[in-house]
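Survey of secondary and tertiary structure
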Amino acid sequence: MGILKVLSLAAVLYSSAALAIRPKINAAPKVPGAYIVEFAKTSDADTFYQELGATGQAVEHRMDLKFELFKGVSFNLKNTKDDEAAAQKIQEMPAVAKIWPVRMYPIPRDEVHWTGSSKAAVPEAALLQRRQSAGMNDTFSPHVMTQVDQLRFRGVTGAGIRVAVIDTGVDYNHPALGGCFGPGCLVSFGTDLVGDNYNGANTPVPDPDPYDNCEGHGTHVSGIIAAQTNPYGFTGAAPDVTLGAYRVFGCGGSAGNDVLISAYNQAYEDGAQIITASIGGPSGWSEDPWAVAVQRIVEKGVPCTVSAGNDGVEGQFYASTAAGGLGVASIASVDNTQAPSILLNATYTVNNSSLSAFGWTQGTPADWGNVSLPLWSVNYNTNDTANACTALPDDTPDLSNYIVLVRRGTCTFVQKVTNVAAKGARYVMFYNNVSPGSTAVTAVVPGILGVGMTSAAQGAEWIRLLSSGSSVTLNIVDPEVAQQYPASAPNTATGGFLSTYTSWGPNYELEVKQQFSAPGGLILSTYPLDLGAYAVLSGTSMACPLAAAVYALVSEVRGTLDPKVLENVISATANPQIFNAGAGKTADFLAPVQQQGGGLIQAFDAAYTTTVLSVSSLSFNDTDNFVDTANFTITNLADTDVTYTLSNVPAGTFYTLSTSIFPDPFVNDVAPAVADIEFPQKEVTVPASGSVTVTIYPDLPVGLDGSLLPVYSGYIAMNGSDGSSLSLPYLGVAGSMIRATVLDTANTYLTTTQSAPGYAPAPGNATFTLPASNATASNGTVYPAVVVSLALGSPYVRMDVVPYSNSTSKAPWHHRKPKTTEFLGLKTLGNIYGFPEYYVPRGATVSGWDGLLADGTLAPPGTYQLVVSALHIFGDNTDLADYDRVGTEPFTIRYQ
């Protein structure tokens, strides 16, 4: 509907109840009744609680936030059914500088490919082989990909550097993580901020022990940084750092932003020299409160790495918090060049004679026990993409006394298993088709006892034998006690390419995100002993700790922990990668900066480069704010002059939009043009121990449709006469951000609090009877609510209460019409409580209304529209033309 005009009698055109798309509610949810306050400069917790007690407002204390860089508390309101009114009164207290709702961020759900069994044995031959390979000759593929192996060869191990991990805690009893906690241990500092039973919404119960044996994410992350020598032949990238563990998740659930802010500040005050967190949620704004809290720590000289997020499917402009903070290093993921797995040992016989070994991975369900049964295959076509995707034929035998062999393919594992279970199957062995090795499969279907997977090559061999008339019998040893052995196969499909799940930037204000990339796909690391001891996971959660470890290694060599210096050298020496479109399709151009940042980290080059740039990236902004001249400085730390040849290496340009106001999901359309960079000097000589400022003149790409927000990017390459090679990433938008629609007016509409989770539109001319006070409130009260659907993020969103009348009916007021003020043509009572909101991410949110206005008063009974106004990116909040606006259908409120 676009920007809606205000009618003469203050009626606003309203959104239709016939929705184009039912919006997905995906913002970080608020914890009901929970708030964070930051104190005014002269206040403290005692002053605040004394003043609060004097008002008669009861609260349950959640957390002390008594830190150098953040002074405040968080709490839950008690004995009130009107949380918003109580929060409004607290905001007005002299002791309070700012109040925010507590929001929850979920435990990262990275893809789990394999987890071990704590009871399973590792063959002695494998142990011997792995011990021999765990010395100075580091062959672990993520380390080879990032040059960590070269630093390890020189004895660079991050010795003594204190790295804090904010996550689910850690199983420090794991032998590869030191086996203890406290001074002198590998995990020597940290705390549990929440307790086992914390779920994000309830009150944290902290204790000093960050032990975790129920989640595993933090243990996997910690091993990537600092795992010690182990039977599987890898170590952490920086095994001699000192780890800190800050547990912010219980056994399941989420973490509140009060807990996350506390964890960062506690780690900072405990002397952490690098802080890493593989946690986040959609934002796109550097002004997000959690991002600002981390930014303050970076400004104090502590590097912070945060995972970019696993929402690549959402397309461009989906930068995560707190990775979006200024100076915070946002880390993207690259797929491992190897596909590691820890396989269970089993055997098979052919025609009841020859005995051969094979490896496999158990799935879920996993009630295998000791099983020896003949193999039966759906068909003998190893290229069948729909193997077992349809019901099996009527002449299929009773499969209860077979292990059924099924090829991995296009339909779901559950669909395949359902079809074979219909013929009596109890055990299913998949063979792989889309990646090397095997992975853990989940296919819980009635009647199925065990599911597993073996490699594509092993499956093909069994098919060859079966098709020739041979019988094949599998002899499975109970996975709980079966021998395990490490295996690795080349990842020829996606190895070295950007992981398709990695989230895309940039920020809405066109700050460059991501910073750089590290291996995060198919990563072997430690896992809690109770959950299998080792695991292979994929996610930006795995890339981020490797980047943190590289920070430690590079800082050891360069003798500095300055976040800006380290970000600049790591970005400049990173290796940009070719674009990966998924499904095995790669392009002939570089992946864009908004996806990979500077590229794949090259730790050795970053540690020893004698060329330092003054910036880590450049933003040329959009067409309205185009930066047509940019400068950066090249500093030569060598003792000889170096001449640098400058050139422009474009990356792919991608349209953000296509047929709607919503960003396209991955893969976005490739735009046909790139930026041109004019170099006044294509060669620059920098004297020994000297610096030279370089000026460049970018030109916008030509021939693009600016209304679709094409994001262009690339790299300024600098090749030195000393053999050095550096690059400086840049990006911009060949369109106008301020002209882009941010509010989806067709899907912003009136609903009710009772209609969750589907949030169907409220009936026309609805009447809501609201409690006039706490005494008359009840849990059964149905409140009006508004679904606000943002196609892009907005820096400022209002929800005004507008008295409704029209030109053909009498004004429906039983008493004098309420007094209004004007906001850009609206005759409004003001915002509902909780609005305006600032720096809102894209997606849909639901806001209920109990009649309370932002000033703490109740709207009088009558008929209203709630009018949503969303400011455009870079918009002027005093100019109506810079807003998208829509009103709900009229509705009536009364009180009892």
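Computed from a predicted structure; not experimentally measured.

With that settled, consider the overall build of the protein. On a plain count of helices and strands, the protein comes out with 14 helices and 49 strands. At 30 Å, the protein has a C-alpha radius of gyration in line with the 29 Å of a compact globule built from 896 residues. With the principal axes as the frame, the protein shows a C-alpha extent of 95 × 80 × 60 Å. A total of 896 residues make up the protein; the buried ones form 59% of that total. Accessible surface computed for the protein: about 32700 Å², of which carbon and sulfur atoms make up 51%. Measuring between centres, the 44 positive side-chain charges of the protein sit 7 Å from its 74 negative side-chain charges.

This part is about the sheet that holds strand β5 (residues 111–115). The strand order β5-β25-β24 describes an open sheet built from 3 strands, whose pairing is antiparallel. Every interior strand has two partners, whereas the edge strands, β5 and β24 (523–526), have only one. On average, each strand axis in the sheet is tilted by 30 degrees relative to the strand beside it, whichever way the strands run. Judged from the 4 bridges that link them, β5 and strand β25 (residues 534–538) form a sheet pairing that is antiparallel. Bridge pairing in β25 places Thr-115 opposite Ala-535. The sheet contacts of helix α6 (residues 217–226) involve β24 and β25, and relative to β24 the element is tilted by about 100 degrees.

Looking now at the domain arrangement of the protein. By domain assignment, the protein separates into domain 1 (30–105), domain 2 (111–337 + 495–609), domain 3 (341–487), domain 4 (620–738) and domain 5 (749–895). Just the C-alpha atoms count here: the centres of domain 3 and domain 5 sit 57 Å apart.

Another point: α6. Taking burial as the measure, the 10 residues of α6 include 10 buried ones, the bulk of the element. Within the sequence span of α6, burial applies to His-217, Gly-218, Thr-219, His-220, Val-221, Ser-222, Gly-223, Ile-224, Ile-225 and Ala-226. Residues of α6 that are buried sit in contact with β6 (162–167), β8 (242–247), β10 (274–277), β24, β25 and α11 (540–558).

Residues Leu-618, Phe-632, Ile-696 and Trp-849 are the most contacted members of the largest nonpolar core, which totals 69 residues. The residues contacting Leu-618, other than those within four sequence positions of it, are Val-512, Ala-630, Asn-631, Phe-632, Ile-696, Ile-716, Leu-728, Pro-729, Tyr-730 and Leu-731. Core analysis: the next-biggest nonpolar cluster, separate from the first, contains 50 residues, Val-148, Val-221, Ala-237 and Leu-537 among them.

A word on the state of the cysteines. Cysteine pairs can be covalently joined through their sulfur atoms, and such a bond is termed a disulfide. What the rule picks out here adds up to 3 disulfides. At a sulfur-sulfur separation of 2.0 Å, the disulfide partner of Cys-389 is Cys-411. Between Cys-389 and Cys-411 the sulfur-sulfur dihedral comes to about -95 degrees; the bridge is accordingly left-handed. Taken together, the residues Cys-389 in the loop between β17 (371–377) and β18 (403–407) and Cys-411 in the loop between β18 and α9 (413–421) connect sequence positions 22 residues apart.

Reading the values: the criteria
Residues numbered from 1 in each chain as written. Predicted model: local features only at pLDDT ≥ 70, side-chain atom pairs only at ≥ 80, totals over all residues. Heavy atoms only, no water. Helix = DSSP H or I, 4+ residues; strand = E, 2+ residues; numbered from the N terminus. Rg over C-alpha atoms; globule rule 2.2 N^0.38 Å. Buried < 20%, exposed > 50% of the residue type's maximum accessible area, 1.4 Å probe, protein only. Areas by Shrake-Rupley, 256 points an atom, 1.4 Å probe, with all protein chains shown as cover. Lys, Arg positive; Asp, Glu negative; His and termini not counted. Charge placed at Lys NZ, Arg CZ, Asp CG, Glu CD. Pairing = 2+ DSSP bridges. Axes fitted to C-alpha atoms, helices over the stretch in contact; angles between N-to-C directions. Contact = heavy atoms within 4.5 Å. Domains from an automatic or database assignment. Core = buried A, V, L, I, M, F, W, Y, C linked by side-chain atoms within 4.5 Å. Disulfide = S-S within 2.5 Å.

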